[in-house]
Amino acid sequence: MFQSEVFAVAFALLAAGAVILTLNVLLLGGHIIFFQSLSLLGYCLFPLDVGALICMMEGNVILKMIVVSVTLAWSSWAAYPFMSSAVNPSRKALALYPVFLMYVSVGFLIIAID
Amino acid sequence: MSGGYTSIDNQKVSGSVPAVSDPGRIPVQFTDSGLQTFPPSGVQGKISGGAQPPRDADDSFSRPVGGSPRGSEESQGGGWLHKFTVAAYKPYFDVDTSDVLDRLKESLYPFRGTFTEKTATNPDLYGPFWICTTLIFVAASIGTFVTYIAHKLRDKEWNYDINLITWSAGVFYGYVTLVPLVLFVILKYFSAPSGLVQLFCLYGYSLFIFIPAMCLSVVPLEIFRWIIAGVAGFMSATFVALNLKAHITSAGESWFLIVASIFLLQLALSVVLKLYLFTVSV
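All values derive from a computational prediction rather than experimental measurement.

A.B. asks: It is not clear to me how the interface of chain A and chain B should be interpreted in this structure. Could you clarify?
C.D. replies: Size of an interface, as often reported, equals the accessible area lost when the parts are brought together. Contact residues are listed per partner, giving 28 residues for chain A and 22 residues for chain B. Around 2,200 Å² of area is buried between chain A and chain B when both sides are counted, 72% of it from carbon and sulfur atoms. Interface area lost by chain A to chain B is led by L27, L94 and F108 of chain A, which between them contribute 27%. Inspection of the region where chain A meets chain B yields two salt bridges. The closest approach of N and O atoms between R91 of chain A and D94 of chain B, which form a salt bridge, is 2.7 Å.

This is the structure in structure tokens:
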């Protein structure tokens with residue numbers, strides 16, 4: 001019961017998040033291709049996957065937080081060049097913040113779910 | 001078919017009515033609303049350009065340069081479906097980073113009352129949407145963290161409550177979507193000038209104060225949490241009320257009632273948040 005809810009939230013967060021992020025860039029007047037952006041945001045999630053696997057085998061909350069922080073920084077760093085070049089420089093932060101927010105919430109899910 | 005349908009950025013109406021006075025109407029403020037379709041109610045009516053068909057006050061607010069697809073033109077079918085394209089909403093995201101930061105800072109000073117003037121010509125939907133989304137995340141994570149700490153301090157079993165996310169999503173998105181809609185309808189009923197997107201913008205930015213308030217509510221002192229909730233609720237409610245007040249005094253005697261109920265509603269939201277997220281029963 002509980003596992004299926006967690007799965008639903010994680011899946012919805014990632015799927016809807018990728019679409020919304022892409023729409024966000026398009027609405028801000030940026031130039032990206034819809035499916036390219038979806039696929040890129042998916043691939044940039046890989047470091048967080050690695051982090052999640054490591055956290056699965058750990059129990060200590062502090063260690064989990066460190067692992068998640070490192071992989072989160074790595075994911076954001078991977079997505080940064082693509083997103084920032086897609087929009088007007090004066091709107092860079094507006095396009096990047098939601099990406100960061102999504103990865104942070106995924107990271108939070110990793111830490112919180114045992 | 002006119003070029004206006006195929007190219008994204010071409011919002012000009014290729015058309016029938018020579019919109020001579022249109023450019024003059026673009027930077028329109030709330031109190032300047034001229035043409036209305038309701039019987040006169042004390043608002044000054046400025047009829048400029050007799051050949052122009054009467055337009056709703058909200059149209060000139062929520063759509064810049066005459067781009068509203070009206071049924072009288074050849075893009076009638078396209079007009080209805082046009083709402084589902086990305087291009088239809090681009091004008092509402094026409095903000096730079098500095099604009100958004102400016103508006104966020106403005107929302108922290110509730111007693112200035114200048115927010116609506118600043119956003120009258122360029123209301124954005126970026127701020128409201130992402131502030132709500134951030135709020136949902138912050139609310140869910142801080143609420144989880146608070147119950148986690150409370151359970152750990154008493155050495156009890158703790159399980160992640162997934163309903164926090166869905167509940168806070170429902171509350172925040174619902175509040176920012178429904179309350180401005182209802183307010184818009186009420187203001188139309190009283191023939192007061194209003195714009196739907198401006199109301200969304202106002203409500204969205206008014207919720208920004210709750211983000212630092214929730215971060216501060218981590219402190220496990222009950223009285224401190226109530227104080228934070230009260231202060232944040234009061235600031236947010238004053239922000240909405242004062243910004244609304246300056247523009248709807250023309251609604252007649254009931255303006256005070258509207259403003260007061262808006263104020264109380266925002267306070268109620270703050271109390272509900274405090275009760276659900278930060279009242280821990282172990």
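A.B. asks: Quick question: what am I supposed to make of the UniProt feature "transmembrane region" (unreviewed entry) in chain B here?
C.D. replies: Residues and elements named next belong to chain B. Under the UniProt annotation, "transmembrane region" (unreviewed entry) lies at residues 125-150, 162-190, 196-216, 223-242 and 254-277. Between the first and last C-alpha atoms of residues 125-150 the distance is 37 Å; the span itself is 96% helix and 0% strand. Annotation note: span residues 196-216, helix share 86%, strand share 0%, distance between end C-alpha atoms 32 Å.

A.B. asks: Looking at this structure, how should I read the side chain of T144 of chain B?
C.D. replies: Here T144 of chain B shows up in helix α6 (residues 126-153). According to the relative accessible area criterion, T144 of chain B is buried, its value standing at 4%.

A.B. asks: When you look at the packing of aromatic side chains in this model, what are you seeing that I'm missing?
C.D. replies: Aromatic ring pairs are described here by two measures, namely the spacing of the ring centres and the angle between the planes. A full pass over the atoms with the stated rule returns twelve aromatic pairs over all chains. Ring geometry for F108 of chain A and F137 of chain B: centres 6.1 Å apart, planes at 90°, overall edge-to-face. One end of the pair, F108 of chain A, is in helix α5 (residues 92-112); the other, F137 of chain B, is in helix α6, on a second chain. Residue classification places F137 of chain B among the buried residues on the basis of a relative accessible area of 18%. On the numbers, 6.4 Å between centres and 90° between planes, the contact of F93 of chain B with Y126 of chain B is edge-to-face. Of this pair, F93 of chain B sits in the loop between α3 (76-81) and α4 (97-107) while Y126 of chain B is found in helix α6, placing the two residues 33 residues apart along the sequence. Judged by relative accessible area, F93 of chain B falls into the buried class, the value being 8%.

A.B. asks: Looking at this structure, how should I read the environment of I142 of chain B?
C.D. replies: Residue and element names in this part refer to chain B. The topology assignment puts I142 in helix α6. Judged by its relative accessible area of 11%, I142 is buried. Ignoring anything within four residues of it in the chain, the contact list for I142 reads M214, C215, V218 and F278.

Calculation criteria
Residues numbered from 1 in each chain as written. Chains lettered and ligands numbered in written order. Predicted model: local features only at pLDDT ≥ 70, side-chain atom pairs only at ≥ 80, totals over all residues. Heavy atoms only, no water. Contact = heavy atoms within 4.5 Å. Buried area = accessible area lost by both parts, 1.4 Å probe. Salt bridge = Lys/Arg side-chain N within 4 Å of Asp/Glu carboxyl O. UniProt positions renumbered as here; feature names shortened; annotations may be inferred. Helix = DSSP H or I, 4+ residues; strand = E, 2+ residues; numbered from the N terminus. Buried < 20%, exposed > 50% of the residue type's maximum accessible area, 1.4 Å probe, protein only. Phe/Tyr/Trp six-rings, centres within 6.5 Å; stacked < 30°, edge-to-face > 60°.

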